[in-house]
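Inside the fold
The chain contents come next:
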Amino acid sequence: MLLVGGAVLVANLVNRPAAVRAQDLFIPVVDGPAHDQHVRLDATVYFPARTPAPAVLISPGFGETKSSVDGQARELAQQGFVVLGYTPRGFGHSTGLIALNSPDYEIADARQLIDWLATRPEVTKDGPGDPRVGVTGGSYGGALSLMLAGADRRVDAIAPVITYNDLSQALVPNAATSTPTAANTPAVGSFAADGVFKRSWAGLLFGAGLAGGTPAGTTADPPAACGRFVLEVCQAYQQIATTGRATRQTVDLLRRDSPVSVTSHITVPTLLVQGEQDTLFGLDQADANARQIAAAGGRVKMVWFDGGHDGAAPDTALRQQITDWFQFYLNGRGADPGTAFQYDVQGAFRSNGEPSIRTVTAPAYPGLASAATQRQSLTLLGPPVQQVLNPPGGSPAAISGLPGVGGVLGAAAGRLSSDIPGGNASFVTAPLTNQVLVAGSATVRLRVSAVPGSAPGGQAVLFAKLYDVGPNGQRALPGAIVAPFRVEPLPANGSPVDVTVTLPGIVQPVQSGHRIQLVVSTTDQSYANLTQPGVLRIALASDQLSVPVVPGRTGSAALPVPQLVAIGVLLALCLLAGGYLLIRRRRPDDVDPDLVDVPLVLDGLSKSYGAGVVAADDLSFRVTRGQVVGLLGPNGAGKTTVLRMMMGLVHPSAGSIRVFGHLVGPGSPVLSRIGSFVEGAGFLPHLSGMANLRLYWAATGRPPEQARFDEALEIAGLGDAIRRKVGTYSQGMRQRLAIAQAMLGLPDLLVLDEPTNGLDPPQIRDMRDVLRGYAAGGRTVLVSSHLLTEVEQTCTHVVVMHQGRLVAAGDVREIVGGGGETSFRVDDAERAVGVLRGLPGLAEPSDVDIED
């Protein structure tokens, strides 16, 4: 206790947050193409306990204000950074209009914030006017950190989170190319300028900019329908939302306001954190950033986590990685974070319904190191050519993701997808013989053609997606993500067009026995569908589905030092306790050499509870090999308590129990020689009887061949029901399954508590033969019962209990006489009467005669 208390004290001292001072202020900036727009940015600066210190600039996501980054800002300040968090122009209390991270507006503002940091004496300087500064942010703020690093050489390190590379690709993607993509691509394909408009997400983002009207202090030229957007951005959105297709002017605007316009100039250390649950900015966007920055000479580390715009925000461990990144590159402290690639894998479901997460670490990101990439080819099966319909008006539409709702639904979002009959082509693999962990983007070659005379406008808009299909047919769409693509021109005479489609980047462990299904649909409710009716033919140009596999080691994030200290102390205590128990187990008096062949010996066993309740009172008896012993007594006699003490589940108040000469206690190794069924067995109702038995045996750690499943199942007599879910079993079937479980491995001592409850008469008769045959082979059986006739017909020996005390013990033939009369010698006649009156069939006092 002293060691644990000291560890907690040390942990608290080491982990005590440093004092943080926060100051709210408005910082004036001047921006615009003509540098004539005066804007006031609502900001908060956080000062650590010690200065001067490096600075970190944090910008929030689209539609958010500085309050959304307050928590992370304080964490960074507590770790020794001067942190400046602010609300971008056009949002909250900041003035100006939204220009989508334009170099003339938002990026010009951020450069002036670096100027402001350069004037602060609390900030470490690398030279005159050059503060040592890192930049981070999520989504919109993450793109700003990239663009600022490409525009201002004073930026020393960046950590963009769940952000984009090119808005024209993110909002108007085209996942098809006419030539095969690189075989080593884990997450991204090529995109044509004229893709498929992501209507739902774009509408949500534009709506966030409309909320609140014009910022205070702004003279707005745009019409009221543009809300807080500059006119150029407003017109671009209206154009694409009205027509469903982006003009060259709109694409050029989106690319100019995206990191892709400056990534060739980013050479600072870059930590890219991208979400695996993200239908807005997929893994392909981070992949493009990584490739372009690496090509420019920047050092890149990639992290994929189980979250995103449709999932959770980065947790404490991920935020700590960002802090560690800045500590190393801004402060020169801590270990080198390296460039290892890290991604999260969803595992089995916990009891609360949430998936468990494990982290896989590979030596390097495969997009940058082709030698580390592996791909596996899977054969797709299905009708060679499938005819699909594009419905008039593009409705009804298939459902994949639910933008803005996926984060609330969590892991269930991937099971809500649906496809419209007649509106999709489907190809599927055979059941997998081994698990395949898909980590990145799969690719497939498709052949698309129009039924002559029915091509919708000489083009096709299609949506490809991969399902994980279980043995029961249940499907899950990983990440709820689809790959939209446009094929144009599409010959009206029916000539086919071959395209390579890059499926969405996902992380999905497809289990053995599952199948991977490729579905190509003509509609999706999240996108702008073709409104003209048409009939298309979809075929496989190649039946091979190429999936990326990124091998690595499974591990967990490093814990902070205080937790490591506390864990170390606790492990030391566990080692001491384990050593003590090991010494106790090796003491010579733990084993009685004279009793190593005796299955069970009770010596003066007693158990009492509070309020004077006595469950066992000075019990002593012995059970030898080959016996079937009945522990007989009315309900409440203490039989079950005795059995629980035998199994090490209850500590006796006095006395001892020896099994084959070994003292019994919780976890005693000798308990492995006992098969037990006490107070019912706990089975998992959603698994079959056979699965429950195999799971129980696996938990013992013994080889499967020692289980003797066939013999146990023969005893259970469940027939084909052994493959049904236990939740459908009757009470009698559960009882038989529990007895079979106790007999797994054919233990030397079998202990059964009221084993015939719930069995019908024929089953009871069979059970008698089984128990007697089991003991005849040299093993021993102890059965508790309150039925005198059952003990008489089943057992070779009997131990009679009443109110926790031993009344009689001996051979059944000696105790039970003929002619329906039972006689035995007792020390307490009154107690014997109580026993007999408590047994079924002997309810009247006149049925009991007491002799000397």
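Above this text is the structure in question.
Read on for an overview of the structure.

Turning next to the environment of Leu671. Tracing the backbone through its elements, the reader meets Leu671 in the loop between β32 (662-663) and β33 (674-677). With 78 residues separating them in the primary sequence, Leu671 and Leu749 have C-alpha atoms 9.3 Å apart. The contact partners of Leu671, leaving out residues within four places of it in the chain, are Met646, Met647, Val664 and Gly665.

This part is about the sheet that holds strand β34 (residues 749-753). Pairing within the open sheet is mixed, and its six strands lie in the order β33-β34-β35-β30-β36-β37. Bordering the open sheet on either side are β33 and β37 (805-811), each of which pairs with just one other strand. The average undirected angle you get between the axes of adjacent strands in this sheet is 15°. Of the strand pairs in this sheet, β34 and strand β35 (residues 780-785) are connected by five bridges, and their pairing is parallel.

This brings us to the sheet that holds strand β28 (residues 600-608). The strand order across the open sheet built from four strands is β29-β28-β31-β32, with neighbouring strands paired in antiparallel fashion. Sheet topology places β29 (614-623) and β32 at the edges, where each strand pairs with a single neighbour. As defined by bridge partners, strand β31 (residues 654-659) adjoins β32 across two bridges and the pair is classed as antiparallel. Paired with Arg658 across the bridge in β32 is Leu663. In this fold helix α13 (residues 639-646) packs onto β28, β29 and β31, with an angle of close to 115° to the strand it touches most, β28.

One recurring pattern in soluble globular proteins is that nonpolar side chains are buried together. By size, the foremost hydrophobic cluster in this structure holds 51 residues, and its most contacted members are Leu84 and Tyr343. By residue number, the principal contributor to this core is helix α3 (residues 106-118), which donates six residues. Those residues in contact with Leu84, other than ones at most four positions away along the chain, are Ile27, Ala43, Thr44, Val45, Val56, Leu57, Ile58, Leu113, Trp116 and Leu117. Formed by 43 residues, the second largest nonpolar core is a distinct cluster that contains Leu737, Ile739, Val800 and Val807.

In this section: the state of the cysteines. Using the criterion set out here, one finds one disulfide in the structure. The disulfide partner of Cys226 is Cys234, and the S-S distance across this bridge is 2.0 Å. Looking along the S-S bond of the Cys226-Cys234 disulfide, the torsion reads about -80°, which is the left-handed sense.

Our next topic: unusual backbone geometry. The amide bond that connects Thr51 to the next residue, Pro52, takes the cis arrangement and shows omega of 0°. Relative to the elements of secondary structure, Pro52 occurs in the loop between β2 (37-47) and β3 (55-59). Of note, the bond from Ser395 into Pro396 is cis; its omega dihedral lies within 30 degrees of zero at 5°. Mapped onto the secondary structure, Pro396 falls in the loop between β15 (385-390) and α11 (406-409). One non-glycine residue, Asn101, adopts positive backbone phi at about 60°. Mapped onto the secondary structure, Asn101 falls in the loop between β4 (82-86) and α3. Unlike most non-glycine residues, Ile162 shows phi in positive territory, near 35°.

Quick look at the pairing of β4 now. Extensive coverage of β4 is indicated by the burial of five of its five residues. Along β4, one buried face is formed by Val82, Leu84 and Tyr86 and the opposite face, lined by Val83 and Gly85, is buried too. Direction of pairing for β2 relative to β4: antiparallel, over a ladder of four bridges. Residue pairing for β4: Tyr46 is matched across the bridge by Val83. Where β3 lies against β4, four bridges are found, and the strand directions are parallel. If you follow Val56 over to β4, its bridge partner there is Val83. Handedness of the β-α-β unit built from β3, helix α2 (residues 70-78) and β4 comes out right-handed.

Okay, the pattern of salt bridges next. Charged atoms that come close allow side chains of opposite charge to pair. Within the structure shown, the criterion is met by 26 salt bridges. Sharing partners across several salt bridges, the network here consists of Arg111, Asp115, Asp152 and Arg154.

If you trace the backbone, Gln285 turns up in helix α9 (residues 283-296). With 220 residues separating them along the chain, Gln285 and Gly505 place their C-alpha atoms 9.8 Å apart. What Gln285 contacts, discounting residues up to four positions off in sequence, is Thr163, Tyr164, Asn165, Asp166, Gln169, Ala170 and Gln274.

One can describe the packing of α3 onto helix α4 (residues 140-151) by two numbers: an axis separation of 10 Å at closest approach and a directional angle of 70°. In terms of orientation, α3 and α4 fall into the roughly perpendicular class. Taken as a pair, α3 and α4 cross one another with a handedness that is right-handed. The residues of α4 that touch α3, namely those facing Glu106, Ile107, Ala110, Arg111 and Ile114, are Tyr140, Leu144, Met147, Leu148 and Ala151. Looking at the contact of α3 with α4, its residues break down into eight nonpolar, no polar and two charged.

Thresholds, definitions, all that
Residues numbered from 1 in each chain as written. Predicted model: local features only at pLDDT ≥ 70, side-chain atom pairs only at ≥ 80, totals over all residues. Heavy atoms only, no water. Helix = DSSP H or I, 4+ residues; strand = E, 2+ residues; numbered from the N terminus. Contact = heavy atoms within 4.5 Å. Pairing = 2+ DSSP bridges. Axes fitted to C-alpha atoms, helices over the stretch in contact; angles between N-to-C directions. Core = buried A, V, L, I, M, F, W, Y, C linked by side-chain atoms within 4.5 Å. Buried < 20%, exposed > 50% of the residue type's maximum accessible area, 1.4 Å probe, protein only. Disulfide = S-S within 2.5 Å. Right-handed = clockwise from strand over helix to strand, strands pointing away. Salt bridge = Lys/Arg side-chain N within 4 Å of Asp/Glu carboxyl O. Parallel < 35°, antiparallel > 145°, perpendicular 65-115°, else oblique. Left-handed = near helix turned anticlockwise from the far one by under 90°. Nonpolar A, V, L, I, M, F, W, Y, C, P; charged D, E, K, R; others polar.

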